[in-house]
Amino acid sequence: MSPLPPPANIFEFSQEVKSLTAGSKYEEALVFFKLHYQKFSKDAISNNAFLISAVIKALYKSGKIVEAFKFLEVYNINISEKSNKLLLQTYAWLIYACLKSELNQDEEIFEE
């Protein structure tokens, strides 16, 4: 696999992360984000609902639920009724993944 070229702007950056996530390449999406996020301001990233949603999805699909919540905190993403619809849906799936993980841990405790 050849490395992807660096994004020229925040749109290209979000499109590539979104594309990798849509292709179920969650770890690749996270690596791409980590390689290039410093090229963009925190505001540019936090104001891009598509990018935030794609990163959150890549994190929870990779089993990194705690990191997903930390990501929201670092980028000061506040979820409310005024949030972007895509972001709300992604947040709902994150909550679901969190609850599912907690329930699975509880089942393991009872099985012992």
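Being a predicted model, the structure only gives us computed values, none of them experimental.

## Regarding the overall build of the protein
Regarding its fold elements, the protein presents 6 helices and 0 strands. The linear arrangement of helices and strands in the protein, starting from the amino end, is α-α-α-α-α-α. With respect to the three principal axes, the spread of C-alpha positions in the protein is 50 × 40 × 20 Å. The burial tally for the protein puts 33% of its 112 residues in the buried class. Excluding contacts between residues fewer than 6 apart, the proportion of contacts in the protein whose partners are at least 24 apart in sequence is 62%. Summing over all exposed atoms, the protein offers an accessible surface of approximately 7500 Å²; the carbon and sulfur share of this is 55%.

## Quick look at the packing of aromatic side chains
The tally for this structure, following the rule as stated, stands at 9 aromatic pairs. Here F13 and F40 contribute two aromatic rings whose centre-to-centre distance is 4.9 Å and whose plane-to-plane angle is 20°, an arrangement assigned as stacked. Taken together, the residues F13 in helix α1 (residues 10-22) and F40 in the loop between α2 (26-36) and α3 (42-46) connect sequence positions 27 residues apart. Given the relative accessible area of 0%, F13 is considered buried.

## Topic: α2
Regarding α2, the residues found buried are Y26, A29, L30, F32, F33 and H36. Looking down the long axis of α2, one finds its buried residues gathered within 160° of arc, a one-sided arrangement. Residues of α2 that are exposed and angled more than 90 degrees away from the buried face: K34 and L35. Elements that come into contact with the buried residues of α2 comprise α1, α3, α4 (49-61) and α5 (65-74).

## What about the side chain of S83?
Position of S83 among the secondary structure elements: in the loop between α5 and α6 (85-111). Classification of S83 by relative accessible area gives buried; the value is 14%. Side-chain polar atoms of S83 contact the backbone oxygen of N78, separated by 3.4 Å. Excluding residues within four positions of it along the chain, S83 makes contact with N78 and L88.

## Digging into the nonpolar core
Grouped together as the largest cluster of nonpolar side chains are 27 residues, with contacts concentrated most on V17, F33, I52, V55, I56 and F71. Contributions of two or more residues to this core are made by α1, α2, α4, α5 and α6. Ranked by residue count, the leading element in this core is α4, at 8 residues. Those residues in contact with I56, other than ones at most four positions away along the chain, are A68, F71, L72, T90 and L94.

Calculation rules
Residues numbered from 1 in each chain as written. Predicted model: local features only at pLDDT ≥ 70, side-chain atom pairs only at ≥ 80, totals over all residues. Heavy atoms only, no water. Helix = DSSP H or I, 4+ residues; strand = E, 2+ residues; numbered from the N terminus. Buried < 20%, exposed > 50% of the residue type's maximum accessible area, 1.4 Å probe, protein only. Contact = heavy atoms within 4.5 Å. Areas by Shrake-Rupley, 256 points an atom, 1.4 Å probe, with all protein chains shown as cover. Phe/Tyr/Trp six-rings, centres within 6.5 Å; stacked < 30°, edge-to-face > 60°. Arc of directions from axis to C-beta. Polar contact = N/O pair within 3.5 Å; in protein donor to acceptor, adjacent residues only side chain to side chain. Core = buried A, V, L, I, M, F, W, Y, C linked by side-chain atoms within 4.5 Å.

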